[in-house]
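Single-letter residue listing:
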Amino acid sequence: MSMWEYANPKLFMGWTRPVLPWMFASAGVCLVVGLVWGFFFTPDDFRQGSTVKIIYLHVPSALMAINAWIMMLVASLIWVVRRHHVSALAARAAAPVGVVFTLIALFTGGIWGQPMWGTYWAWDPRLTSFLILFLFYLGYIALWEAIEDPDTAADLTSVLCMVGSVFAILSRYAVLFWNQGLHQGASLSLDKEENISDVFWFPLLVCIAGFVLLFVALVLMRTRTEIRARRIRALEARARRA
C-alpha cells in the first residue's frame, strides 16, 4: 500500500481515530513537563531576569506558526499537482491552528520585548514580516469562507499560500537578511555554539515537542471535521438535485 492510499478519506478517518487520543495525551504530558520545568525549575537570566521564561511559550509558538504555514504550502502543492482532496482539507484545517500560534507568538513577544526594548512593538524586520504572515493567515481563512465551490477555493488558497510562504521564510531568517533590528538571533541552532544555555535549552526542547504534537493532533482532528463537512455538503447537493 502506497502512502497516498493512507490519505484516502475513508482510510484517513480509520487510522486517525485511534491515533488522536495518544497524540493529545503525549502533547499534554510534554507541555506540562516542559512548562513546569521551565517556569519553576530554571534560574532567572542574569540580564533579562524572570522575563526570559517567556521563551517556553514564545519560541515554540513562533516556530509552529512558521512551520504550520510551510505544512500548508506542502499540502497545497500536493493539491495542485495530484488534486488530492484530503491535502486541501488538511491545509484548510491547519490555518486556524497556525493563526492562534501566530497570535501567541506576537503577544508573548511583546511582553518579552517591553523590558528589553522599552516598547511592546517595533517595526523590526522579523516582527514586521511575522505580522504580515498573520495577515496572510487571516486572508487565507477568509478566502476559503468567501468561495462556495471547494475546488476553486482550494486552487486560489493554494496560490495565496505560495505567495505567503515568502513571509514565512522572512519571519524565520529576517535577522540574517538584515543586520538592523531589535530582535535577537535564533535561540536554537544546529550550531551548538549559538544555542542558549543548557539549563534553558532542555526544557525548551520538551516544550517544542509538546507544541509539535499539539499541532499535529489539532490538524488531524480538524481535517476529520472538514472531511465530515465535505460529505454533508455532498449529500445536501445530491438531495437538492433529486
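Residues numbered from 1 in each chain as written. Predicted model: local features only at pLDDT ≥ 70, side-chain atom pairs only at ≥ 80, totals over all residues. Heavy atoms only, no water.

Peer 1: I'd like a description of the environment of Ala-217, backed by residues and values.
Peer 2: Residue position: Ala-217 is located in helix α6 (residues 198-241). Through-space distance from the C-alpha of Ala-217 to that of Ser-26 is 9.7 Å; in sequence the pair is 191 residues apart. Other than its neighbours up to four places away in sequence, Ala-217 contacts Leu-20, Met-23 and Phe-24. (Helix = DSSP H or I, 4+ residues; strand = E, 2+ residues; numbered from the N terminus. Contact = heavy atoms within 4.5 Å.)

Peer 1: Give me the packing of helix α3 (residues 85-117) against helix α4 (residues 125-146): which residues, what numbers.
Peer 2: Here α3 crosses α4 at 150°, and the two axes come no closer than 9 Å. In terms of orientation, α3 lies roughly antiparallel with respect to α4. In this structure, α3 crosses over α4, and the sense of that crossing is left-handed. Residues Ala-88, Ala-91, Arg-92, Ala-95, Pro-96, Gly-98, Val-99, Thr-102, Leu-103, Ala-105, Leu-106 and Trp-117 of α3 form the contact with α4, whose own contacting residues are Leu-127, Phe-130, Phe-134, Tyr-137, Leu-138, Tyr-140, Ile-141, Trp-144 and Glu-145. Each residue belonging to the contact of α3 with α4 can be placed in one class, and the counts come to 17 nonpolar, two polar and two charged. (Axes fitted to C-alpha atoms, helices over the stretch in contact; angles between N-to-C directions. Parallel < 35°, antiparallel > 145°, perpendicular 65-115°, else oblique. Left-handed = near helix turned anticlockwise from the far one by under 90°. Nonpolar A, V, L, I, M, F, W, Y, C, P; charged D, E, K, R; others polar.)

Peer 1: Lay out the pattern of salt bridges with the relevant residues and their values.
Peer 2: Evaluation of the coordinates by the stated rule reveals four salt bridges. The shortest N-O distance in the salt bridge between Arg-92 and Glu-145 comes to 3.2 Å. Of the two residues, Arg-92 sits in helix α3 while Glu-145 sits in helix α4, which places them 53 residues apart along the sequence. Taken together, the shared-partner salt bridges in this structure form one network comprising Arg-92, Glu-145, Arg-222 and Glu-226. (Salt bridge = Lys/Arg side-chain N within 4 Å of Asp/Glu carboxyl O.)

Peer 1: Could you give an account of unusual backbone geometry, with specific residues and numbers?
Peer 2: Glycine aside, residues mostly have negative phi angles, and peptide bonds mostly take the trans form. Of note in the backbone geometry, Arg-83 takes a positive phi value of approximately 55° without being a glycine. Tracing the chain through its elements places Arg-83 in the loop between α2 (55-82) and α3.

Peer 1: Residue-level account of the confidence of the model for the protein chain, with values.
Peer 2: When the pLDDT values of the protein chain are averaged, the result is 84; 84% of them are 70 or greater. Predicted confidence in the protein chain is weakest over helix α5 (residues 150-177), with a mean pLDDT of 79, and strongest over helix α1 (residues 9-40), with 94. (pLDDT = per-residue confidence, 0-100.)

Peer 1: Run through the packing of aromatic side chains, naming residues and quoting values.
Peer 2: Tallied over the entire structure, the rule returns eight aromatic pairs. Look at Phe-39 and Tyr-56: their rings are 6.1 Å apart centre to centre, the planes differ by 65°, and that puts the pair in the edge-to-face class. With Phe-39 in helix α1 and Tyr-56 in helix α2, the pair connects residues that are 17 residues apart, well separated along the chain. By relative accessible area, Phe-39 is classed as partly exposed at 31%. According to the relative accessible area criterion, Tyr-56 is buried, its value standing at 0%. (Phe/Tyr/Trp six-rings, centres within 6.5 Å; stacked < 30°, edge-to-face > 60°. Buried < 20%, exposed > 50% of the residue type's maximum accessible area, 1.4 Å probe, protein only.)

Peer 1: Any chance you could break down the UniProt feature "transmembrane region" (unreviewed entry) in the protein chain for me, citing the residues and the numbers?
Peer 2: If you check UniProt for "transmembrane region" (unreviewed entry), the listed places come out as residues 20-41, 61-81, 93-112, 127-147, 159-179 and 199-221 in our numbering. This span, residues 127-147, is 95% helix and 0% strand, and a straight line between its end C-alpha atoms measures 31 Å. As a span, residues 199-221 carries 100% helix and 0% strand, and end to end its C-alpha atoms are 34 Å apart. (UniProt positions renumbered as here; feature names shortened; annotations may be inferred.)

Peer 1: Any chance you could break down the side chain of Arg-92 for me, citing the residues and the numbers?
Peer 2: Judged by its relative accessible area of 15%, Arg-92 is buried. In this structure the side chain of Arg-92 is engaged in a polar contact, spanning 3.2 Å, whose partner is the side chain of Glu-145. Filtering out sequence-adjacent residues up to four positions away, Arg-92 remains in contact with Tyr-140, Trp-144, Glu-145, Arg-222, Glu-226 and Arg-233. (Polar contact = N/O pair within 3.5 Å; in protein donor to acceptor, adjacent residues only side chain to side chain.)

Peer 1: For a nonpolar patch on the surface, give the residues involved together with the corresponding values.
Peer 2: A cluster of nonpolar side chains, Val-29, Val-32, Val-33, Val-36, Trp-37, Phe-39, Phe-40, Phe-41, Phe-202 and Leu-205, forms an exposed patch at the surface whose accessible area comes to about 950 Å². Looking at the nonpolar patch, the elements with two or more residues in it are α1 and α6. Looking at the nonpolar patch element by element, the count peaks at seven residues for α1. Structurally, Phe-202 can be placed in helix α6. (Patch = residues over 30% accessible without salt bridge, like charges linked within 9 Å, V, L, I, M, F, W, Y side chains within 5 Å. Areas by Shrake-Rupley, 256 points an atom, 1.4 Å probe, with all protein chains shown as cover.)

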